[in-house]
Amino acid sequence: MKAVLPLDDAAADLATVGGKGASLARLTRAGLPVPGGFHITTEAYRAFVSAFGDGIAHAEDARRLFAEHDMPAEIAAEIRRAYEALGDDVPVAVRSSATAEDLPDMSFAGQQDTYLNIRGEALLDAVKRCWASLWNPRAIAYREQNGVPHDDVALAVVVQELVEAEAAGVMFTADPVTGARDESVINASWGLGEAVVGGQVTPDTIVVSGGAVTRSQVGDKTVMTVRTPDGTREQPVPEELRGRPVLDEAQAVELAAIGARIQALYGTPMDVEWAWGGGAFAIVQARPITGLKPQVEEWNDSLKGDYLWTGGNLGEAIPDVMTPLTWSLVRLFIREAMSASALPGFDLVGNIGGRFYMNLSVVHSIATALGMRGRLSAVEQVFGKLPPGLDVPQVPLSRWEIIKRVIPLAIGIQRRVRRNLKGIRAFLATSQRRCEELRATIAATGSGPELADLWEREIRPHLVTSCRMLEAAGRQGGATLVWTRDRLRKMMGEVDAEAMLTGVNSGGELASLGPVMGLSRLARGEITREEFARTYGHRGPHEFEVSIPRPGEDPEWIDAQLAGLRDLRADTEALLARQHQARDAAWARFAERYPRQVATMRARVQRWNTVVRDREDTRSENMRAFWVLRAFAVRAGELTGQGEDVFFLYLDELLALLRGEPSALEKVPVRRATHEQYAALPIYPALIVGHFDPVRWAADPGRRADVYDARGTGVPVSDTVKGFPGAPGIVEGIARVISGPEEGDRLKPGEILVTTLTNVGWTPMFPRAAAVVTDMGAPLSHASIVARELGIPAVVGTGNATMRLHDGDRIRVDGERGTVELLA
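Residues numbered from 1 in each chain as written. Predicted model: local features only at pLDDT ≥ 70, side-chain atom pairs only at ≥ 80, totals over all residues. Heavy atoms only, no water.

1. Considering the layout of surface pockets
Taken as a whole, the second largest pocket spans an internal volume of roughly 780 Å³. Looking at the second largest pocket, it is lined by 24 residues, and the ones nearest its centre are Thr178, Val296, Gln677, Asp693 and Val695. Of all elements in the fold, only α24 (668-679) and α25 (694-699) reach the threshold of two or more residues within the lining of the second largest pocket. Sorting elements by how many residues they give to the lining of the second largest pocket places α24 first, with 4 residues. Taken together, the residues that form the lining of the second largest pocket break down as 8 nonpolar, 5 polar and 11 charged. (1 Å grid on protein atoms, 1.4 Å probe; cavity = no way out; pocket = protein on both sides within 12 Å on 5 of 7 lines; lining within 4 Å. Points joined across faces, edges and corners; volume = space filled by probe spheres on them. Helix = DSSP H or I, 4+ residues; strand = E, 2+ residues; numbered from the N terminus. Nonpolar A, V, L, I, M, F, W, Y, C, P; charged D, E, K, R; others polar.)

2. Comments concerning the pairing of strand β23 (residues 771-774)
Alternating positions in β23 separate into two faces, Ala771 and Val773 on one and Val772 and Thr774 on the other, with burial throughout. Across 4 bridges, strand β22 (residues 752-755) lies against β23 in parallel orientation. Bridged to valine 754 within β23 is valine 773. Where β23 and strand β24 (residues 794-796) come together, 2 bridges link them in parallel fashion. Following the sheet pairing, valine 772 is matched in β24 by alanine 794. As a crossover connection, the stretch from β23 through helix α26 (residues 782-790) into β24 is right-handed. (Buried < 20%, exposed > 50% of the residue type's maximum accessible area, 1.4 Å probe, protein only. Pairing = 2+ DSSP bridges. Right-handed = clockwise from strand over helix to strand, strands pointing away.)

3. So, empty space enclosed by the protein
This structure, assessed with the given rule, holds 3 cavities of 30 Å³ or more. Looking at the largest cavity, it is lined by 19 residues, and the ones nearest its centre are Arg95, Gly193, Glu194, Ala275 and Val284. Mapped by element, the contributors of at least two residues to the lining of the largest cavity are β3 (92-98), β5 (155-161), β6 (167-172), α7 (194-197) and β12 (270-277). The greatest single-element share of the lining of the largest cavity, amounting to 3 residues, is contributed by β12. Of the residues that constitute the lining of the largest cavity, the class distribution is 12 nonpolar, 3 polar and 4 charged. Considering only enclosed or pocket space, the second largest cavity measures out at about 100 Å³ in volume. Every residue lining the second largest cavity is counted, 13 residues in all, and those nearest its centre are Gly315, Arg355, Tyr357, Ile683 and Met776.

4. Quick notes on the pairing of strand β10 (residues 223-228)
Examined bridge by bridge, β10 and strand β11 (residues 231-236) share 6 bridges and lie antiparallel to one another. Bridging from a neighbouring strand, valine 226 pairs with arginine 233 of β11. Counting the residues in the hairpin turn of β10 and β11 gives 2 residues.

5. With respect to the state of the cysteines
Across all of its chains, the model carries 0 disulfides by this definition. Free cysteine cysteine 435: the closest other cysteine sulfur is in cysteine 467, separated by 11 Å. Taking the relative accessible area as the measure of exposure, cysteine 435 reaches 2% and is therefore buried. (Disulfide = S-S within 2.5 Å.)

6. Let's talk about the nonpolar core
Grouped together as the largest cluster of nonpolar side chains are 86 residues, with contacts concentrated most on Phe356, Trp455 and Phe632. Here this core gets 9 residues from one element, more than from any other, and that element is helix α22 (residues 598-640). Every residue in contact with tryptophan 455, bar those within four places of it in the chain, is listed here: Leu329, Leu332, Arg460, Pro461, Leu463, Leu629, Phe632, Leu651 and Leu655. The next biggest cluster of nonpolar side chains, apart from the first, holds 41 residues, and it includes Met492, Phe590, Ile792 and Val796. (Core = buried A, V, L, I, M, F, W, Y, C linked by side-chain atoms within 4.5 Å. Contact = heavy atoms within 4.5 Å.)

Following this line, the structure appears as structure tokens:
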């Protein structure tokens with residue numbers, strides 16, 4: 001039996017010298033400044049308790065039980081020899097070191113005892129008291145709380161020369177509060193470190209990052225631990241030292257550098273106890289930090305400049321915190337489908353806390369430079385209204401520089417759109433079959449390199465084609481959409497104008513209504529589940545996010561939607577038929593009032609319907625292409641053996657992985673933690689101006705969900721709920737505030753749906769709703785188009801409905817005036 005080991009002995013492992021001892025041995029062998037000393041092993045402990053061990057767990061006073069027994073003579077002799085080798089009557093620290101402490105997931109800090117300034121024969125008594133502390137009520141309770149069997153633990157003891165400490169404290173090599181890995185946080189106080197470790201003093205706090213002190217706070221250090229002839233005691237800090245910094249900047253940087261060496265040795269952030277004496281630092285303990293927040297990245301394009309960002313329109317179709325792979329694919333989508341709104345040198349879209357935003361400063365700056373400010377009302381009909389008093393920051397370019405950058409781009413886009421418009425019909429006719437072929441080919445692909453080649457050869461080209469068809473459909477009639485609606489409203493008023501604009505579905509199924517129409521046909525047995533999945537399975541509430549299964553992959557989704565059809569106020573076809581009657585009546589009134597303009601206006605409305613249907617159809621097929629992208633990602637996870645980790649790679653990293661380069665996988669844990677952090681936050685404001693910190697915003701009890709302006713200009717909070725008239729009609733009923741489509745079963749027939757935003761995945765809910773109210777949206781958004789077609793009153797783009805209305809409130813929705821009133 002070895003009762004004693006040198007401090008740096010290679011045999012000093014967890015089982016032999018406990019967690020603290022093993023750590024100090026490792027530090028010593030690595031050449032770090034650790035005070036000299038030795039270990040008293042767990043074998044010595046077990047030899048000592050062998051005569052009475054069975055009674056320890058039942059003893060009323062374990063300390064007395066240990067004190068009543070003598071230490072075996074040979075063990076006592078070994079300890080004396082090791083102590084004498086340190087020098088003559090050297091003061092030492094005697095520290096407990098259990099076999100279940102200083103572990104990555106459980107520190108057991110402070111559960112066993114430590115004795116300071118021990119000399120001579122007092123050492124043997126201090127060792128027995130350390131051994132006994134393994135059985136104090138605090139240590140027993142901690143083991144039981146963490147599921148550590150009492151029989152599995154033993155206690156070693158570390159004996160070290162006591163540092164003549166002028167100052168001491170604790171250092172964390174990562175911020176224990178925020179989890180920031182690029183900061184070391186130092187707590188420092190006068191005297192020995194026990195006052196800091198025991199929480200008896202408010203120490204100085206110093207933060208070091210990048211080799212420099214970035215911030216510091218001097219504590220009111222009232223108490224210090226000092227040595228006495230027979231141990232230690234607490235005494236008041238001298239008045240002249242209480243407010244004086246314990247460490248200067250150079251000392252703090254030196255200590256942080258030692259901490260960085262310790263972290264590099266262990267490969268994880270560390271909790272380090274240190275002392276300063278005789279002009280040098282000493283490390284007296286180091287353990288992994290437990291409970292540290294996962295390391296995260298910052299996904300925040302709002303830091304790129306003072307711009308106005310909106311979550312409206314496309315942000316409604318991408319409502320989730322995006323995985324990195326999805327963000328890569330969305331950026332490719334934007335580059336191919338929305339380049340018409342681009343300004344070279346500036347980002348048209350951004351990732352703010354994982355969520356999709358568009359840069360309205362770019363759109364407004366282009367309109368201003370081209371002398372088209374008067375046409376910004378068209379932008380409002382797409383992205384929603386800006387609140388009164390919100391000044392849109394412009395990009396920092398002169399008017400002529402903007403024109404010089406935009407005009408050549410616009411000319412090229414016009415040519416591309418004209419060319420692609422000729423191919424829309426053929427694309428729409430073949431897209432479903434082509435996507436099915438691609439998904440089958442992906443499933444049959446047998447290797448990573450083969451799948452990467454398929455991406456370049458077939459998958460990416462099809463995605464680009466679908467994006468450009470969507471661009472062409474969207475660019476073919478923007479002015480028609482805005483002019484026709486505005487003209488009709490002036491001639492006939494809100495109600496008749498909106499009725500006359502319906503009927504998009506009558507000339508062929510409107511894509512946004514496809515899922516609910518398909519569900520109705522499925523419920524009546526007119527199509528099979530397989531046919532529904534093939535035709536509509538790509539549409540859903542999360543259709544851009546490739547990490548989430550599509551409805552066509554999820555039988556439970558289909559079952560849930562079918563269950564929701566059973567208690568409709570009226571089925572979808574009945575709602576469409578009722579709206580058809582309203583449309584015919586409105587056209588009759590138009591004919592009476594403007595008999596000579598009927599043919600012209602019907603042609604314009606027909607053009608309106610064609611444009612809307614083409615936009616909806618191409619968007620639907622673009623989403624079908626995203627189902628192909630999901631199939632590609634899932635297959636990549638299978639072929640590489642990385643499963644869902646591939647969703648946390650960017651596209652270029654995934655392609656490299658498929659070709660055998662795995663280095664990016666080391667970033668997955670951090671990105672996964674980042675995604676989880678952002679996904680746990682509330683949905684961010686619809687409008688953001690300037691630099692925005694999602695985490696700080698979420699922690700603010702006074703946060704606003706409608707607008708955040710970092711300039712502090714203070715857009716007034718509206719006490720009324722008012723937005724765009726999405727679809728006319730007046731309804732009173734119970735508000736059902738729903739945060740996501742997964743809560744759709746909470747909406748009962750005849751209740752009013754109140755939510756932040758909707759997209760096609762919400763459509764199956766609409767026939768149950770008496771009215772729809774949204775924070776985000778505009779006349780050309782999903783909620784408006786579908787509500788109009790079904791004749792459901794809607795108010796969209798209120799900005800504050802979910803802030804002002806509560807679940808169960810009785811409200812009146814006026815879809816003609818765009819108002820929502822809370823009833824007593």
